[in-house]
Amino acid sequence: MLWGRSRWFGAVLCAVFAVVSCGGSGGGGAPVVNLYNAPQQNLAGIVERCNREAGGAYRIALNTLPRGADDQREQLVRRLAAGDPGLDVLGLDVTWTAELAEAGWIREWTGENAARAKAGTLRQPLETAVWQGKLYAAPYNTNVQLLWYRADLVPEPPATWDGLMKESARLAREGKPHYGEVTGAQYEGIVVWFNSLVASAGGSILSPDGEKVALGPPAERALEVMRAYARSKAADPSLSNAKEDDARLAVEAGRAAYQVNWPFVYASMAANRPDLVGDFRWAAYPGVSGPGRAPLGGANFAVSRYSPHPAAAFAAALCLRDPESQRIAATKDGLPPTIEAVYRARGMAEAYPMRDAILEAVRTAVPRPKTPTYQNVSTVTAVTLSPPAAIDPPRTLVTLRELIGDALRSKGVLP
């Protein structure tokens, strides 16, 4: 009964969203493969290349999702729940694979398609596309955070959060820019920070199967670090509202000495502050008592269960994430590749002078917890940790354990 109603609603959605070919074909009978992806400046060029490569076998139509990750997920989930046949290839945040696979909304990658998706792909990004031992997506790009710092202010980048706090205290005493920018706002960014701290302390938020809360002493240590940082000289007064772009702008404006952020900040610094870029350096993500584990981001391509031409959709997805497509995305849009060989491809040395640091960080990066209810887990975690200066480690840990346990059972939150 539910699926019958969903299919009717999917036909309505086709009209509402004005999708190019709701399961139809392009000119000359070639199927139109509708790609839905986050905004990416040069993705249209990649699509054009793949359409040429297809030689008329199919034609990819690019549809751009909203800019915000929550809005992207909402649109995809609503349309997939309605059985909408107008979606073929889906660009997914790495945290969505389990949710969509568990719901039965995306197709498993098997046979030659799976073999091609796995070939040469780095282990950590590949793992984000797997749910319960099966491959449900092909990794398109990966991402890791690094420590980005001004060498004229911080000659030797510390390896730990405690070291960063000490550097900020020194800079403050000397009357120099001393803030260290982190994503402390009540959104996914603060969850990313907490998750990496927990992993760096030797723990995890959930059990390996994603079914139980695993928070323990490492999580309490992570909470202690967050509170200490938020109350230290390193903390920008706007810490509890800071997102990635806020961190980037603070360093570019000269108010901050360093930031933990994604690699897009390097190209931005080069474009906006050429006078500072000569001293703008990178180092490994800081740890709790030793080497840190960088947050792992990125995007995967999945094929909708409701695609009326799945063979063409799989072929299109493979082209959109092949080595040349990933090279273009890396050199023109700053998206780190998931295929290891691309790090040595032409143009990478100039566009990615920090490519070795990124590649090394990817090998030990920590993904977000893998669970179909990740959106629930993320929501309650962000609320509980905000603002970071108000964290009371023992009490906050108890609250987290209770709320995340409820979130795993889809209690108490609206995903």
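Here's what I pulled together on the structure shown here. (Residues numbered from 1 in each chain as written. Predicted model: local features only at pLDDT ≥ 70, side-chain atom pairs only at ≥ 80, totals over all residues. Heavy atoms only, no water.)

So, about unusual backbone geometry. With an omega of -5°, the peptide bond between Ser 386 and Pro 387 qualifies as cis. With respect to the secondary-structure elements, Pro 387 resides in the loop between helix H16 (374–385) and helix H17 (393–408). Phi is positive for Gln 132, close to 50°, though the residue is something other than glycine. Position of Gln 132 among the secondary structure elements: in the loop between strand E4 (130–131) and strand E5 (134–135). Here Gln 132 falls in the exposed class, since its relative accessible area comes to 61%. (Helix = DSSP H or I, 4+ residues; strand = E, 2+ residues; numbered from the N terminus. Buried < 20%, exposed > 50% of the residue type's maximum accessible area, 1.4 Å probe, protein only.)

Here we come to the packing of aromatic side chains. In this description, a pair of aromatic rings is defined by centroid distance and the angle of the planes. For the coordinates displayed, the defined rule picks out eleven aromatic pairs. A ring pair is formed by Trp 109 and Phe 314, whose centres lie 4.8 Å apart and whose planes are at 90°; its orientation type is edge-to-face. One end of the pair, Trp 109, is in the loop between helix H4 (97–102) and helix H5 (111–118); the other, Phe 314, is in helix H12 (residues 310–320), and 205 residues separate them in sequence. Since its relative accessible area comes to 8%, Phe 314 is described here as buried. Each member of the aromatic cluster is reached from another via a ring pair, and the members are Trp 148, Tyr 266, Phe 280 and Trp 282. (Phe/Tyr/Trp six-rings, centres within 6.5 Å; stacked < 30°, edge-to-face > 60°.)

With their axes 8 Å apart at the nearest point, helix H8 (residues 188–200) and helix H9 (residues 217–230) run at an angle of 125° to one another. In terms of orientation, H8 lies oblique with respect to H9. Judged by the twist between their axes, the crossing of H8 over H9 is right-handed. Listed contacts from H9 to Ile 190, Trp 193, Phe 194, Leu 197 and Val 198 of H8 are Pro 218, Ala 219, Ala 222, Leu 223, Val 225, Met 226 and Tyr 229. (Axes fitted to C-alpha atoms, helices over the stretch in contact; angles between N-to-C directions. Parallel < 35°, antiparallel > 145°, perpendicular 65-115°, else oblique. Left-handed = near helix turned anticlockwise from the far one by under 90°. Contact = heavy atoms within 4.5 Å.)

A separate point is the pattern of salt bridges. Tallied over the full model, the rule gives 22 salt bridges. Put simply, Arg 170 and Glu 174 hold a salt bridge, and the shortest N to O gap is 3.1 Å. One salt bridge in this structure joins Arg 363 and Glu 340, with 2.6 Å as the shortest N-O distance. In this pair, Arg 363 sits in helix H15 (residues 355–364) while Glu 340 sits in the loop between helix H13 (323–333) and helix H14 (348–351), placing the two residues 23 residues apart along the sequence. Arg 363 gets classed as partly exposed once you look at its relative accessible area, which sits at 43%. Under the relative-accessibility criterion, Glu 340 is labelled partly exposed at 34%. Counted as one network, the salt bridges with shared partners bring together Glu 167, Arg 170, Glu 174 and Lys 176. (Salt bridge = Lys/Arg side-chain N within 4 Å of Asp/Glu carboxyl O.)

None of the figures reported here should be taken as evidence of function without further support.
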